[in-house]
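Spelled out, the chains give:
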Amino acid sequence: MIACACASGSPGAAISGDLAAAGRGIPTRCRRASRITPPLREPGAERANRVAMEIRLAPGFPLALLESPHHAIERLGDEGGVHRIRLRESVLANRDFVLNWAPRA
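Residues numbered from 1 in each chain as written. Predicted model: local features only at pLDDT ≥ 70, side-chain atom pairs only at ≥ 80, totals over all residues. Heavy atoms only, no water.

Draft legend 1. The arrangement of the overall build of the protein chain in detail. A count of helical and extended segments in the protein chain gives 2 helices and 7 strands. When the helices and strands of the protein chain are placed in sequence order, the string is α-α-β-β-β-β-β-β-β. Restricting the contact set of the protein chain to residue pairs at least 6 apart, pairs at least 24 apart contribute 60%. Of the accessible surface of the protein chain, which amounts to about 7600 Å², a share of 50% is contributed by carbon and sulfur atoms. (Helix = DSSP H or I, 4+ residues; strand = E, 2+ residues; numbered from the N terminus. Contact = heavy atoms within 4.5 Å. Areas by Shrake-Rupley, 256 points an atom, 1.4 Å probe, with all protein chains shown as cover.)

Written as structure tokens, this is what we have:
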């Protein structure tokens, strides 16, 4: 149930009818629920929260290891001690990005 400070009438009283429909069928206590309820994705529609990322890593020393255990990355080069890395392709933003790196011995 969605509650908000803009509820009119008795505090905590659920609203119904046309006002409840404004909250997309979600029981609500707020006349403006449609403004705070996020839009729903249509079944079968592609998820829209995709991320592309490019990183410039300047560790100050040569690296022996530079990898991502969860994402495919592409090394774009090492110019002046700055390593350029990017995601090979855009990915869904559904997990953390981890970049492991270690100095050369």
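This is not the end of the story, as more comes after the structure.
Draft legend 2. How the structure looks around the nonpolar core. I55, L57, L63, L66, I73, I85, L87, V91 and L99 form the largest nonpolar core, which has 9 residues in total. For this core, the secondary-structure elements that each account for two or more residues are β2 (54-57), β3 (63-67) and β5 (82-87). Once you skip the residues sitting within four places of it in the chain, L66 turns out to touch L57, I73, R75, H83, I85, L99, N100 and W101. (Core = buried A, V, L, I, M, F, W, Y, C linked by side-chain atoms within 4.5 Å. Buried < 20%, exposed > 50% of the residue type's maximum accessible area, 1.4 Å probe, protein only.)

Draft legend 3. Inspection of the sheet that holds β2 at higher detail. Taken in spatial order, the 3 strands of this open sheet run β2-β5-β4, and their pairing is antiparallel. Two strands in the sheet have a free side with no partner beyond their single neighbour: β2 and β4 (73-79). The sheet shows a mean angle of 20° between the axes of neighbouring strands, taken without regard to direction. Sheet topology note: the β2/β5 ladder contains 4 bridges and is antiparallel. Bridging from a neighbouring strand, R56 pairs with R84 of β5. (Pairing = 2+ DSSP bridges. Axes fitted to C-alpha atoms, helices over the stretch in contact; angles between N-to-C directions.)

Draft legend 4. Representation of the environment of P103. Assignment of secondary structure puts P103 in strand β7 (residues 100-103). Taking the C-alpha atoms as reference points, P103 and A64, 39 residues apart in sequence, are found 5.4 Å from one another. Residues contacting P103, with those up to four places away along its chain left out, are F61, P62, L63 and A64.

By themselves, these observations are geometric and do not establish any function.
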